[in-house]
Amino acid sequence: MRALFLGLCLFGLLLHSRVQRHSALVLTHANVMDVRSGRIVAGMTVLIEDGKITHIAKLALVPQSRDVTVVNASGKFLIPGLWDMHVHSAFADAPWDEKVIYPLYVANGITGIRDMGGDEKLLKERRAAIRDGRLLGPHMFIAGPFLAAGKADAQTIPVPNPEEARRAVDSVKADGFDFVKILSNVPRESYFAIADEATKQNITFAGHVPYSISAEEAANAGQRSIEHLTGILLACSTQEEEIRKAELEALAVRNYSAFTKLGSAILGSYRPDKAKALFFDFTAHSTWQVPTLVWTMANSNLDHPELFNDPRLKYVPASIRKGWDPTKQKPAPEQAALAKSEAERDIQLVHDMHRHGVQFLAGSDGPDPFVFPGFSLHDELELLVRSGLTPLQALQTATFNPALFMQKLDRYGIIEQGHVADLVLLDANPLIDIRNTRKISAVVLGGRYFPRVELDKMLRDAEDRAAKE
Ligand SMILES: [Zn+2]
């Protein structure tokens, strides 16, 4: 008891002497959540200086000073800043205005994004601008250009053979990107060359499971994350080999309708014991899943007229909004039906994988049509709960798990002394209802404090800019 009291006094004194020199943010009376265990400690004081969490204590003497911002967080819940682990914030063909897309993340409590590929120059410029404080936005963990078949462009390096595949990995690493992203059309030999070279170069590779590879082979080859559950249902099919062969043949002659039809054959030939063996491979190799359920859902709802009344459309730049036009988006009836059954199947698949211990990351794949940057991550968390994760487990997919996945647990993902001060203050407990992650009272991004009124202004500014573009 004595030691505890001394500890508290020391903290108070320390705080007193330190804040003479620095400006500081102090959150008092907060319910602080440990997202590893779900334990909530009430009445905590959190001191933030120079962008970091420097102290967390039960009680503290908070001095009055011009340089200290004190926030009474009584009744509120403090969670780590959220990460959207699958975005494309700078696509080459129609990049969103940086002053629209990045504030949308921050206003929604997303303090970090894993960008899965876009215009490589633009991505690096934007990451640097955010780092230097010239642009408001989340921390960025970025992929190099897509490694894919086809032609080179601002966001693609073609990998038609193993030699070029190895060179592509080298250049992604040399250019300072965080990881290698692969697309579905990577040829088989190139894929294994990428896996081998990435291991040698000590850089991770992630992305789709290419059509030429089984999901099991991807896990064995060390692919770190599988996006959109690609290749998984096929790998659970009794007719895996025949269907893969037919898929590759259809793709070779660009017969997309034949390719789409194979989707129903895959759905109809699911074998639970084969699935179980595959899920075991994922856990054994730490192959993470980024199901992007919100993206699949949006795709399966493109024939719904209500979609075009979504109030969040006002944040989509006008020129891009035009491209989301209902008449342009409307799929053929058979395609729409398949998209719907696939979306429902994905929920079930996540449920099954989760039950077998497979690990997940929350990702939205925004800003694809009707996947709204920032907002859609909260939709994804809700869909993960619908798929059988507890609210705590869903919250982990956007906090602790991303930090673990990126090997950055010393900086992000948990509320701990020494960590980057990325925090979200909520009006209600998200462990009771995951939708409470939307009830944002304030965001702390790298130590900068944004109360609700500033977040609202951020949203209004984004809306104004979006309307003019
Ligand atoms: Zn994507």
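See the structure shown above.
The structure reproduced in this document is the subject of the present report. (Residues numbered from 1 in each chain as written. Predicted model: local features only at pLDDT ≥ 70, side-chain atom pairs only at ≥ 80, totals over all residues. Heavy atoms only, no water.)

## Let's talk about the overall build of the protein chain
Working step 1: Check the secondary structure of the protein chain and you find 18 helices and 16 strands.
Working step 2: For 469 residues, the compact-globule estimate of 2.2 N^0.38 gives 23 Å, and the C-alpha radius of gyration of the protein chain, at 23 Å, lies within 12% of that figure.
Working step 3: Along the longest, intermediate and shortest principal axes, the C-alpha atoms of the protein chain span 75 × 50 × 45 Å.
Working step 4: Taken over 469 residues, the protein chain has a buried fraction of 55%.
Working step 5: Expressed as a percentage of contacts within the protein chain between residues at least 6 apart in sequence, the contacts between residues at least 24 apart total 74%.
Working step 6: Of the roughly 20,000 Å² of accessible surface on the protein chain, a fraction of 53% belongs to carbon and sulfur atoms.
Working step 7: Of the charged side chains in the protein chain, 53 are positive and 57 negative, and the gap between their average positions amounts to 5 Å. (Helix = DSSP H or I, 4+ residues; strand = E, 2+ residues; numbered from the N terminus. Rg over C-alpha atoms; globule rule 2.2 N^0.38 Å. Buried < 20%, exposed > 50% of the residue type's maximum accessible area, 1.4 Å probe, protein only. Contact = heavy atoms within 4.5 Å. Areas by Shrake-Rupley, 256 points an atom, 1.4 Å probe, with all protein chains shown as cover. Lys, Arg positive; Asp, Glu negative; His and termini not counted. Charge placed at Lys NZ, Arg CZ, Asp CG, Glu CD.)

## Here we look at the coordination of the zinc ion
Working step 1: The zinc ion binds to the protein through His86 (NE2), His88 (NE2) and Asp365 (OD); the donor distances cover 2.0 to 2.3 Å.
Working step 2: The sequence pattern describing where the donors of the zinc ion fall on their chain is H-x1-H-x276-D. Here the residue His86 occupies a position in strand 6 (residues 82-87), and Asp365 occupies one in the loop between helix 14 (333-355) and helix 15 (375-386), the gap between them amounting to 279 residues.
Working step 3: Take His86: its relative accessible area is 0%, and that puts it in the buried class. (Donors = N, O, S within 2.8 Å, 3.2 Å for Na, K, Ca; no water.)

## Concerning the packing of aromatic side chains
Working step 1: Tallied over the entire structure, the rule returns 13 aromatic pairs.
Working step 2: Here the aromatic rings of Phe141 and Phe179 are separated by 5.6 Å at their centres, their planes lie at 15 degrees, and the arrangement is stacked. Taken together, the positions of Phe141 in strand 8 (residues 139-148) and Phe179 in strand 10 (residues 179-182) put the pair 38 residues apart, joining distant regions of the chain. Pair check on accessibility: Phe141 and Phe179 agree, each one buried.
Working step 3: Aromatic rings pair up to connect Phe308, Trp324, Phe370 and Phe372 into one cluster. (Phe/Tyr/Trp six-rings, centres within 6.5 Å; stacked < 30°, edge-to-face > 60°.)

## Comments concerning unusual backbone geometry
Working step 1: With an omega dihedral of 5 degrees, the bond running from Gly366 to Pro367 counts as a cis peptide bond.
Working step 2: Summarising the element assignment, Pro367 is placed in the loop between helix 14 and helix 15.
Working step 3: In the Ramachandran plot, His29 falls in the positive-phi region, its phi being about 60 degrees despite a non-glycine side chain.
Working step 4: Note on placement: His29 falls in strand 1 (residues 24-34).
Working step 5: In this structure His29 comes out as partly exposed when scored by relative accessible area, which is 45%.

## Quick notes on the side chain of Glu227
Working step 1: Summarising the element assignment, Glu227 is placed in strand 12 (residues 225-227).
Working step 2: You can call Glu227 buried: its relative accessible area is 0%.
Working step 3: Here Ser225 takes part through its side chain, which lies 2.4 Å from a polar atom of the side chain of Glu227. (Polar contact = N/O pair within 3.5 Å; in protein donor to acceptor, adjacent residues only side chain to side chain.)

## Some points on the environment of Asp84
Working step 1: With respect to the helices and strands, the residue Asp84 is situated in strand 6.
Working step 2: You can call Asp84 buried: its relative accessible area is 0%.
Working step 3: For the pair Asp84 and Asp365, spaced 281 residues apart in the sequence, the C-alpha separation amounts to 8.6 Å.
Working step 4: Contact partners of Asp84, with chain neighbours within four places excluded, come to Ile110, Gly112, Ile113, Arg114, Ala362, Gly363, Ser364 and Leu377.
Working step 5: At a separation of 3.1 Å, a polar atom in the side chain of Asp84 contacts the main-chain amide nitrogen of His86.

## Structural notes on the pairing of strand 1
Working step 1: Strand 1 sits mainly inside the fold: nine of its eleven residues count as buried.
Working step 2: Sheet topology places strand 1 next to strand 4 (residues 68-72); five bridges connect them, and they run parallel. Its bridge partner lying in strand 4, Leu27 is registered against Val71.
Working step 3: Counted between consecutive antiparallel strands, the loop separating strand 1 from strand 2 (residues 39-49) contains four residues, among which Gly38 sits at a positive phi close to 85 degrees.
Working step 4: Inspection of the sheet shows strand 1 paired to strand 5 (residues 77-80) by two bridges, in the parallel sense. Bridge pairing links Asn31 to Phe77 in strand 5. (Pairing = 2+ DSSP bridges.)

## Considerations on helix 11 (residues 293-300)
Working step 1: In terms of residue burial, helix 11 counts as a mostly covered element, since six of its eight residues are buried.
Working step 2: Residues of helix 11 that are buried include every one of Leu293, Val294, Thr296, Met297, Ala298 and Ser300, and no others.

## Notes on the pairing of strand 10
Working step 1: Burial along strand 10 is two-sided: the residues Phe179 and Lys181 and Val180 and Ile182 are all buried.
Working step 2: The pairing of strand 8 with strand 10 spans three bridges and is classified as parallel. Bridge pairing in strand 10 links Phe146 to Lys181.
Working step 3: Here strand 10 runs beside strand 11 (residues 204-207); their pairing, made up of four bridges, is parallel.

## Regarding the packing of helix 4 (residues 162-174) against helix 5 (residues 188-201)
Working note: a packed helix pair is described by the angle between its axes plus the distance between those axes.
Working step 1: Where helix 4 meets helix 5, the closest approach of the two axes is 8 Å, and the angle between their N-to-C directions is 35 degrees. In the crossing of helix 4 with helix 5, the sense of the turn from one axis to the other is right-handed. Across the interface between the two elements, Pro162, Ala165, Arg166, Val169, Asp170 and Lys173 of helix 4 pack against Glu189, Ser190, Ala193, Ile194, Asp196, Glu197, Ala198, Lys200 and Gln201 of helix 5.
Working step 2: In terms of residue class, the contact of helix 4 with helix 5 is made up of six nonpolar, two polar and seven charged. (Axes fitted to C-alpha atoms, helices over the stretch in contact; angles between N-to-C directions. Left-handed = near helix turned anticlockwise from the far one by under 90°. Nonpolar A, V, L, I, M, F, W, Y, C, P; charged D, E, K, R; others polar.)

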